[in-house]
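Notes for the structure review
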Amino acid sequence: MTSEQAQATYTELLKKNGFTDSGRTLYDGTTIYERCWTKGIEIAFYGHSKEHYRIEAWINGYCPMVRVIKNDRVEGNPRDYSSPKRAINAIAEIARCAGYAL
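Description of the structure in this document.

Turning to the environment of Asp 21, a few remarks are in order. Note that Asp 21 resides in strand β1 (residues 20-25). Given the relative accessible area of 48%, Asp 21 is considered partly exposed. If near-sequence neighbours (up to four positions away) are discounted, Asp 21 is found in contact with Thr 31, Ile 32 and Tyr 33.

What follows is the structure in C-alpha coordinates.
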(Lines give C-alpha, C1' and ligand atoms only; values in the text may rest on other atoms or scores of the structure.)
Protein backbone atom coordinates (compact mmCIF):
# COMPACT_ATOMS: atom_id res chain seq x y z
CA MET A 1 0.00 0.00 0.00
CA THR A 2 1.39 3.38 -0.97
CA SER A 3 1.17 6.38 1.33
CA GLU A 4 -1.46 7.90 -0.99
CA GLN A 5 -3.59 4.75 -0.72
CA ALA A 6 -3.19 4.71 3.06
CA GLN A 7 -4.21 8.39 3.22
CA ALA A 8 -7.27 7.81 1.04
CA THR A 9 -8.34 4.73 3.03
CA TYR A 10 -7.88 6.46 6.39
CA THR A 11 -9.69 9.61 5.25
CA GLU A 12 -12.60 7.53 3.96
CA LEU A 13 -12.85 5.57 7.23
CA LEU A 14 -12.67 8.75 9.30
CA LYS A 15 -15.44 10.45 7.31
CA LYS A 16 -17.64 7.33 7.55
CA ASN A 17 -17.26 7.50 11.32
CA GLY A 18 -18.25 11.13 11.74
CA PHE A 19 -14.87 12.86 11.61
CA THR A 20 -14.63 16.21 9.85
CA ASP A 21 -11.82 18.40 8.59
CA SER A 22 -10.68 20.50 11.57
CA GLY A 23 -9.38 23.28 9.34
CA ARG A 24 -5.88 22.75 10.73
CA THR A 25 -2.89 21.12 9.09
CA LEU A 26 0.49 19.81 10.14
CA TYR A 27 3.71 21.53 9.09
CA ASP A 28 3.77 19.46 5.88
CA GLY A 29 0.18 20.27 4.89
CA THR A 30 -1.39 17.06 6.20
CA THR A 31 -5.04 17.60 7.14
CA ILE A 32 -6.09 16.94 10.73
CA TYR A 33 -9.55 15.41 11.14
CA GLU A 34 -11.47 15.55 14.40
CA ARG A 35 -14.60 14.38 16.13
CA CYS A 36 -15.95 16.01 19.29
CA TRP A 37 -18.30 14.84 22.00
CA THR A 38 -19.83 16.90 24.79
CA LYS A 39 -21.84 15.85 27.80
CA GLY A 40 -23.07 17.59 30.90
CA ILE A 41 -21.88 16.33 34.26
CA GLU A 42 -22.96 17.15 37.79
CA ILE A 43 -20.20 18.48 40.03
CA ALA A 44 -20.85 18.68 43.77
CA PHE A 45 -21.02 22.27 45.06
CA TYR A 46 -20.41 23.71 41.58
CA GLY A 47 -23.57 22.74 39.71
CA HIS A 48 -23.49 21.58 36.10
CA SER A 49 -20.44 21.51 33.93
CA LYS A 50 -19.70 20.34 30.41
CA GLU A 51 -17.12 17.74 29.53
CA HIS A 52 -15.56 18.07 26.08
CA TYR A 53 -13.86 15.08 24.51
CA ARG A 54 -12.11 15.35 21.14
CA ILE A 55 -10.16 12.87 19.06
CA GLU A 56 -7.87 14.19 16.35
CA ALA A 57 -6.60 11.92 13.60
CA TRP A 58 -4.18 12.26 10.70
CA ILE A 59 -1.77 10.10 8.74
CA ASN A 60 1.98 10.53 8.82
CA GLY A 61 3.35 8.80 5.72
CA TYR A 62 1.94 5.28 6.10
CA CYS A 63 1.26 5.63 9.82
CA PRO A 64 -2.22 6.61 11.09
CA MET A 65 -1.96 8.86 14.15
CA VAL A 66 -4.52 9.57 16.90
CA ARG A 67 -4.50 12.20 19.65
CA VAL A 68 -7.03 12.37 22.52
CA ILE A 69 -7.98 15.74 24.02
CA LYS A 70 -10.21 16.05 27.08
CA ASN A 71 -11.41 19.51 28.16
CA ASP A 72 -8.77 21.14 25.93
CA ARG A 73 -5.92 19.17 27.54
CA VAL A 74 -3.97 16.62 25.53
CA GLU A 75 -4.13 13.16 27.11
CA GLY A 76 -0.68 11.64 26.66
CA ASN A 77 1.28 11.44 23.43
CA PRO A 78 -0.19 10.89 19.95
CA ARG A 79 -0.63 7.19 19.26
CA ASP A 80 0.44 5.53 16.04
CA TYR A 81 -1.15 2.46 14.46
CA SER A 82 -0.03 -0.03 11.82
CA SER A 83 -3.05 0.40 9.54
CA PRO A 84 -6.07 2.65 9.04
CA LYS A 85 -8.42 -0.19 10.09
CA ARG A 86 -6.54 -0.73 13.37
CA ALA A 87 -6.62 3.01 14.05
CA ILE A 88 -10.41 3.15 13.57
CA ASN A 89 -10.88 0.12 15.85
CA ALA A 90 -8.69 1.79 18.48
CA ILE A 91 -10.61 5.08 18.16
CA ALA A 92 -13.89 3.20 18.68
CA GLU A 93 -12.48 1.57 21.83
CA ILE A 94 -11.05 4.85 23.16
CA ALA A 95 -14.43 6.55 22.68
CA ARG A 96 -16.27 3.59 24.26
CA CYS A 97 -14.05 3.63 27.34
CA ALA A 98 -14.68 7.37 27.69
CA GLY A 99 -18.44 6.75 27.64
CA TYR A 100 -19.16 7.77 24.04
CA ALA A 101 -20.16 5.87 20.91
CA LEU A 102 -18.35 6.16 17.60
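For the rest of this paragraph, the subject is the packing of helix α1 (residues 3-16) against helix α2 (residues 84-97). For any two helices packed against each other, one specifies the inter-axial angle together with the distance between the axes. Running from N to C, α1 and α2 point in directions that differ by 25 degrees, and their axes come no closer than 9 Å. Taken together, α1 and α2 sit at an angle that is classed as roughly parallel. For the crossing formed where α1 meets α2, the hand is right-handed. From α1, Ala 6, Thr 9, Tyr 10, Leu 13 and Leu 14 reach across to α2, where they touch Pro 84, Lys 85, Ala 87, Ile 88 and Ile 91. Grouping the amino acids of the contact of α1 with α2 by side-chain chemistry returns eight nonpolar, one polar and one charged.

Here the focus is the pattern of salt bridges. According to the stated counting rule, one finds nine salt bridges in the structure shown. The shortest N-O distance in the salt bridge between Lys 16 and Glu 12 comes to 3.5 Å. Of this pair, Lys 16 and Glu 12 both sit in helix α1, four residues apart, roughly one helical turn. Given the relative accessible area of 46%, Glu 12 is considered partly exposed. Residue Arg 54 is joined to Glu 34 by a salt bridge in which the shortest nitrogen-to-oxygen separation is 3.4 Å. One end of the pair, Arg 54, is in strand β3 (residues 47-60); the other, Glu 34, is in strand β2 (residues 31-43), with 20 residues separating them in the sequence. Judged by relative accessible area, Glu 34 falls into the buried class, the value being 16%. Residues joined in a network through salt bridges with shared partners are Arg 24, Glu 34, Arg 54, Glu 56, Arg 67 and Asp 72.

Rules and cut-offs
- Along each chain, residues carry numbers from 1 onward, in the same order as the chain's sequence is written.
- A pLDDT threshold of at least 70 governs which residues receive local features in this predicted model, and a stricter bar of 80 or more applies before side-chain atom pairs are shown or counted, although totals over entire chains, interfaces and linings include all residues.
- Hydrogens and water molecules were not included; the side-chain quantities draw on all heavy atoms of the structure.
- Helical segments are the DSSP runs of H or I of at least four residues, strand segments are the runs of E of at least two, and each set is numbered from the N terminus.
- Using a 1.4 Å probe on the protein chains alone, a residue whose accessible area is under 20% of its type maximum counts as buried, one over 50% counts as exposed, and one in between counts as partly exposed.
- Note on contacts: a residue pair is in contact if any heavy atoms of the two residues lie within 4.5 Å.
- The axes used here are C-alpha line fits, helices contributing only the stretch in contact, and every angle between their N-to-C directions lies in the interval 0 to 180 degrees.
- Here the word oblique covers every angle except those under 35 degrees (roughly parallel), over 145 (roughly antiparallel) and from 65 to 115 (roughly perpendicular).
- Crossing chirality is assigned from the near helix's rotation relative to the far helix, an anticlockwise turn below a right angle marking it left-handed and a clockwise turn marking it right-handed.
- Residue type decides the class: Asp, Glu, Lys and Arg count as charged, Ala, Val, Leu, Ile, Met, Phe, Trp, Tyr, Cys and Pro as nonpolar, and the leftover types, Gly among them, as polar.
- For salt bridges, the criterion is a side-chain nitrogen of Lys or Arg within 4 Å of an Asp or Glu carboxyl oxygen.

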